[in-house]
Each structure stands twice: as structure tokens, then as C-alpha cells.
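Observations on chain architecture
The chain contents come next:
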Amino acid sequence: VVLQTLIRRFGQESTWNMIEKEVSPYKDIPILHRVIECAPEQFNQTIHRFPHSLFLRDENNRLPIYTALERGLKWSNDLVAIMNTNMSYLNQKDPVTGYYPFALAAEEPRCDLRTIYYLL
């Protein structure tokens, strides 16, 4: 909600410039996880400005792919971008649920069969 409010008030470019200025010195902030949870429409801005965030684990040792699948992200360029960072992530269980990515996607009530298929 805060990100959307800032974007409405200051514009997308100014908001992301401010965020980039303040967050860039800290390479261990899992900003992509928070964007996926709260403002998934800002995914591309996040990976454009913080490409290292695709590799970061959050405080629960989760990768962005687990957060994205748990939040119901369907097969898209965004999901492909996460997967392409390291395909071995697809063989790693989520440390929170214990599920592999395909099972995490299948558990989501609004699951997308195409997503599950490509994750297998």
C-alpha cells in the first residue's frame, strides 16, 4: 500500500529513484520478496533496479520463487525471470513449507496448470 501511495503521489520514476538511493547500499535486503507480496505489478521495476534481489533469500531462507508461487504468480515473464536466475532452484524445497516449487504452485487455490506443468 505504501509503495502504491508513493507512486501515485510522486510518480513511478521519482519513487523508484528514492528507493534505489536508499536501499542500494544494503545488498542483503530482500526487496523483491516484499514487492511480490505487496505490489507485484512493480516486479519489473524491482528486478531492473535490484537485479541481485533475484538471488536473495529472505529472513526465512526463502528464495523469491517460493514467495511468488505462494502468492499465486502465474506463468509469465516475471516467473520466467525468477526461474532463469538458477534452474537448480526448481529442485530445492521451500524451507518454510517443505514443498518443491511445483507443489507450492499446486497448493495455491487459484493454481495455474500451465505454471505447474512448466515447473515440472
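To keep things clear, this report deals only with the structure shown in the data block. (Residues numbered from 1 in each chain as written. Predicted model: local features only at pLDDT ≥ 70, side-chain atom pairs only at ≥ 80, totals over all residues. Heavy atoms only, no water.)

**Things to note about helix H6 (residues 77-85)**
Here H6 has its buried residues at Asp 78, Leu 79, Ile 82, Met 83 and Thr 85. Each buried residue of H6 lies within a common arc of 155° when the element is viewed along its axis, so the set occupies one face. For H6, exposure combined with an orientation more than 90 degrees from the buried face picks out Asn 77 and Asn 84. Here the buried face of H6 lies against helix H3 (31-38), helix H4 (43-49), helix H5 (64-70) and helix H8 (113-119). (Buried < 20%, exposed > 50% of the residue type's maximum accessible area, 1.4 Å probe, protein only. Helix = DSSP H or I, 4+ residues; strand = E, 2+ residues; numbered from the N terminus. Arc of directions from axis to C-beta. Contact = heavy atoms within 4.5 Å.)

**Observations concerning the pattern of salt bridges**
Per the stated rule, a full pass over the model turns up seven salt bridges. The salt bridge partner of Glu 37 is Arg 34, with a shortest N-O separation of 3.0 Å. Of this pair, Glu 37 and Arg 34 both sit in helix H3, three residues apart, which is roughly one turn of the helix. With relative accessibility at 28%, the residue Glu 37 sits in the partly exposed group. In the salt-bridge network here, residues are joined through shared partners; they are Arg 34, Glu 37, Asp 58 and Glu 59. (Salt bridge = Lys/Arg side-chain N within 4 Å of Asp/Glu carboxyl O.)

**Quick word on the nonpolar core**
Formed by 19 residues in total, the largest nonpolar core has its most connected members in Ile 65, Leu 69, Ile 82 and Leu 119. Among the secondary structure elements, those contributing two or more residues to this core are H3, H4, H5, H6, helix H7 (101-107) and H8. Counting residues per element, this core draws most heavily on H5, at four residues. If near-sequence neighbours (up to four positions away) are discounted, Ile 82 is found in contact with Ile 36, Phe 43, Leu 54, Pro 64, Ile 65 and Ala 68. The next biggest cluster of nonpolar side chains, apart from the first, holds nine residues, and it includes Ile 19, Ile 31, Ala 39 and Phe 50. (Core = buried A, V, L, I, M, F, W, Y, C linked by side-chain atoms within 4.5 Å.)

That is the geometry; function is a separate question.
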